[in-house]
Amino acid sequence: EIAGIELPRSAYDQGYCEEYEKIESIEELQPGDLVFFNTISDGDLSDHAGIYLGEKNNKFIHASSGKGEVVISEIHDNYYEERFSWGRRILSD
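Residues numbered from 1 in each chain as written. Predicted model: local features only at pLDDT ≥ 70, side-chain atom pairs only at ≥ 80, totals over all residues. Heavy atoms only, no water.

Caption draft 1: Local environment of the pattern of salt bridges. Enumeration according to the criterion identifies four salt bridges in this entry. Residue R89 is joined to E21 by a salt bridge in which the shortest nitrogen-to-oxygen separation is 4.0 Å. Separated by 68 residues along the polypeptide, R89 in strand 6 (residues 84-89) and E21 in strand 1 (residues 21-23) bring together distant segments of the chain. Note on E21: relative accessible area 47%, which makes it partly exposed. (Salt bridge = Lys/Arg side-chain N within 4 Å of Asp/Glu carboxyl O. Helix = DSSP H or I, 4+ residues; strand = E, 2+ residues; numbered from the N terminus. Buried < 20%, exposed > 50% of the residue type's maximum accessible area, 1.4 Å probe, protein only.)

Written as C-alpha cells, this is what we have:
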C-alpha cells in the first residue's frame, strides 16, 4: 500500500483490476495513470506496465527488462504505441 492505494503485484493483475477506471486511448491519459502493454503474444493484453507522466512530453516511466533498469520512454514510440492496451486511472481528482 502506498498513499492509501493498494495495487495487485503483477502487470496482469493490475491491468485487469476492475476497481479502477479503464482508459481506452492514449489521448485520454492523465499524469499518474497506469499504462499497460501487450508485449508477449500469449492472449494476455497486460504484460507490461508503467506510469504515464503527462501529455506535454508523452512519456511514461517503467522497468525495462531489456535494459535491466527503470527508464523513461516515449509512449508514441512505434514499439509502445503499437502495443498499448489501455490505462487505469488510480488517482481521483
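Caption draft 2: Focus on a negative patch on the surface. Taken together, E24, E27, E28, D77 and E81 make up a surface patch of like negative charges. Assignment of secondary structure puts E24 in the loop between strand 1 and strand 2 (34-37). (Patch = residues over 30% accessible without salt bridge, like charges linked within 9 Å, V, L, I, M, F, W, Y side chains within 5 Å. Areas by Shrake-Rupley, 256 points an atom, 1.4 Å probe, with all protein chains shown as cover. Lys, Arg positive; Asp, Glu negative; His and termini not counted. Charge placed at Lys NZ, Arg CZ, Asp CG, Glu CD.)

Caption draft 3: Local environment of the sheet that holds strand 3 (residues 48-54). Taken in spatial order, the six strands make up an open sheet running 1-6-2-3-4-5, and their pairing is antiparallel. One side of each edge strand has no neighbouring strand; the edge strands of this open sheet are strand 1 and strand 5 (69-74). Taken pair by pair, the neighbouring strands of this sheet meet at an average axis angle of 30 degrees, ignoring direction. Here strand 2 pairs with strand 6 via four bridges, running antiparallel. Along strand 6, the bridge assignment pairs V35 with G87. (Pairing = 2+ DSSP bridges. Axes fitted to C-alpha atoms, helices over the stretch in contact; angles between N-to-C directions.)

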